[in-house]
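Observations on the three-dimensional arrangement
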Amino acid sequence: MFTYFEFDEIPSTNEWLKERASDLNHGAVCHALSQSHGRGRGGNKWLSTKGNLYCSLLLKPNHKMSLGMAGLVSFVTSLALYDVLETYIGPSHEITLKWPNDVLIDGAKVSGILLETEKALSGNSTAYLVVGFGVNVEYAPEINDKKTICLKDALTTNSDINLITLRDQILNKIMTYFDLFLTRGFSPIRNVWIEKCAFIGQDIRIRTNQEVFTACFETIDEKGLLIAKMSDGTIKEISSAEVFF
Ligand code: BTN
């Protein structure tokens, strides 16, 4: 199911796959032990020195998928990360999901997802998706505004984490959830995602490009939008923001 391309160091595993996407098949995987120009969401850098996991997966939907649908694959991926990372952590630690696609342990970010999609030449469908994920395994890099943690600090026992085993567990889970998403749509993914999100029903701070405000995190809708209820009862649909709690 997977074809692996493994490197000691490259600029970015997402970039590597994107540059070769037209020649590679669904299931191509690029894994690097370090990245010289690791990329995060919103144009941020993703510090990528040896010890953590840096991996990207190429997905080529075999039937038409709108770009909107393709964007929901970040939720598919965060669920996969949640499921796998949960099996590693000890009982005194808590794992949760944070909108749009962070996985948190004890309220601190342990992994990040960068989903990049390419439009097909004809029509409005998706030619391919590159799903990049980074997991803080050995160390927790500092990120502005965010608490971070590494998996090693939340383990059940003091055992070592094998990066290849961890990578393959995550890739298999992504494929399982992606197949569910293709056959049954976003609804089952959304339901499970909502269950695992810690902040639903609570007041959160929301920072969009235009404003910062407090509102109640009602739910996520079928397009993955954050539905926020303002104190005057009005509803806002948020497509892109940072949330704080
Ligand atoms: C985020 O900002 O939360 C997303 C971080 C995504 C980092 C991963 S590491 C593997 C892949 N290659 C990249 O350059 N970025 C993603």
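Now for a quick tour of the structure.

Details of the sheet that holds strand S6 (residues 108-119)
Pairing within the open sheet is mixed, and its seven strands lie in the order S1-S2-S3-S7-S6-S5-S4. Strand pairing shows two members of the sheet lacking a second neighbour, strand S1 (3-10) and strand S4 (95-98), which therefore form its edges. Taken pair by pair, the neighbouring strands of this sheet meet at an average axis angle of 20 degrees, ignoring direction. Of the strand pairs in this sheet, strand S3 (residues 53-59) and strand S7 (residues 126-135) are connected by seven bridges, and their pairing is antiparallel. Each residue of the ladder has a partner; that of Ser56, found in S7, is Gly132. Sheet contacts for helix H3 (residues 73-86): S3, S4, strand S5 (102-105), S6 and S7; angle to S6, the most-contacted strand, approximately 145 degrees.

Structural notes on the packing of aromatic side chains
For the coordinates displayed, the defined rule picks out seven aromatic pairs. Relative to Trp16, the ring of Phe7 has its centre 5.2 Å away and its plane inclined at 55 degrees; by these criteria the two rings are tilted. On the accessibility criterion, Phe7 (27% relative accessible area) is partly exposed. On the basis of an interplanar angle of 40 degrees and a centroid distance of 6.4 Å, the ring pair of Phe178 and Phe181 is categorised as tilted. Of this pair, Phe178 and Phe181 both sit in helix H4 (residues 163-184), separated by three residues, roughly a single helical turn.

Focus on the pattern of salt bridges
Scanning all chains against the criterion turns up 14 salt bridges. Linking Lys236 and Glu211 is a salt bridge whose minimum nitrogen-to-oxygen distance equals 2.8 Å. Here Lys236 is found in strand S11 (residues 235-238), whereas its partner Glu211 is found in the loop between strand S8 (203-207) and strand S9 (212-220), with 25 residues between them in sequence. Relative accessible area serves as the criterion here: at 35%, Glu211 is assigned to the partly exposed category. Linked by salt bridges that have partners in common, Lys98, Asp102, Lys109, Lys146 and Glu242 make up one network.

Points about the sheet that holds S8
Strand pairing in a sheet takes place through backbone hydrogen bonds and is either antiparallel or parallel in direction. Strand order across the open sheet formed by five strands is S11-S10-S9-S8-S12, with antiparallel pairing between neighbours. Either end of the sheet is taken by a strand with one partner, and the two such strands are S11 and strand S12 (242-244). In this sheet, adjacent strand axes meet at a mean angle of 45 degrees when their direction is disregarded. Pairing of strand S10 (residues 226-229) with S11, which is carried by four bridges, proceeds in the antiparallel orientation. Bridge pairing in S11 links Lys229 to Ile235.

What about the site of the ligand?
Not every one of the 19 residues close to the ligand is listed here, only the nearest: Ser12, Gln35, Arg39, Arg41 and Lys109. One of the side-chain nitrogen or oxygen atoms of Ser12 is found 2.8 Å away from an oxygen atom of the ligand. Arg41 is positioned with one of its backbone polar atoms (N or O) 2.7 Å from an oxygen atom of the ligand. Compared with its free state, where it exposes 410 Å², the ligand has 97% of that area covered by protein.

Some words on the packing of H3 against helix H5 (residues 187-196)
Across the interface, H3 lies against H5 with an axial gap of 10 Å and an inter-helix angle of 50 degrees. By the criterion of interaxial angle, the relationship of H3 to H5 is oblique. At the point where H3 passes H5, the crossing takes the left-handed sense. Taking contact as the criterion, the partners of Phe75, Val76, Ser78, Leu79, Tyr82 and Asp83 in H3 are, on H5, Ile189, Val192, Trp193 and Lys196. The class makeup of the residues in the contact of H3 with H5 is seven nonpolar, one polar and two charged.

Brief notes about H3
Over its 14 residues, H3 extends 20 Å from the first C-alpha to the last, a length consistent with the 20 Å expected when each residue adds 1.5 Å. Within H3, 13 of the 14 residues are buried, which leaves the element mostly enclosed by the surrounding structure.

So, the nonpolar core
With 65 residues, the main nonpolar core has Trp99, Leu166 and Ile206 as its most contacted residues. If sequence neighbours within four positions are ignored, Trp99 has contacts with Phe75, Trp193, Phe217, Ile220, Gly224, Leu225, Leu226, Ile238, Ser239, Ser240, Ala241 and Val243.

Considerations on H4
Relative to the 32 Å expected for 22 residues at 1.5 Å per residue, H4 spans 31 Å between its end C-alpha atoms, a close match to the ideal helical length. When we look at burial in H4, the residues that qualify are Leu163, Leu166, Arg167, Asp168, Ile170, Leu171, Ile174, Met175, Tyr177, Phe178 and Phe181. For H4, the capping residue at the N-terminal end is Asn162, with a side-chain oxygen 2.8 Å from the backbone nitrogen of Ile164. Once H4 finishes, Gly185 follows within two positions and takes phi at roughly 85 degrees, a positive value.

Each value, and the rule that gives it
- Residues numbered from 1 in each chain as written.
- Predicted model: local features only at pLDDT ≥ 70, side-chain atom pairs only at ≥ 80, totals over all residues.
- Heavy atoms only, no water.
- Pairing = 2+ DSSP bridges.
- Helix = DSSP H or I, 4+ residues; strand = E, 2+ residues; numbered from the N terminus.
- Axes fitted to C-alpha atoms, helices over the stretch in contact; angles between N-to-C directions.
- Contact = heavy atoms within 4.5 Å.
- Phe/Tyr/Trp six-rings, centres within 6.5 Å; stacked < 30°, edge-to-face > 60°.
- Buried < 20%, exposed > 50% of the residue type's maximum accessible area, 1.4 Å probe, protein only.
- Salt bridge = Lys/Arg side-chain N within 4 Å of Asp/Glu carboxyl O.
- Near = heavy atom within 4 Å.
- Polar contact = N/O pair within 3.5 Å; in protein donor to acceptor, adjacent residues only side chain to side chain.
- Areas by Shrake-Rupley, 256 points an atom, 1.4 Å probe, with all protein chains shown as cover.
- Parallel < 35°, antiparallel > 145°, perpendicular 65-115°, else oblique.
- Left-handed = near helix turned anticlockwise from the far one by under 90°.
- Nonpolar A, V, L, I, M, F, W, Y, C, P; charged D, E, K, R; others polar.
- Expected span 1.5 Å × (residues − 1).
- Core = buried A, V, L, I, M, F, W, Y, C linked by side-chain atoms within 4.5 Å.

That is the geometry; function is a separate question.
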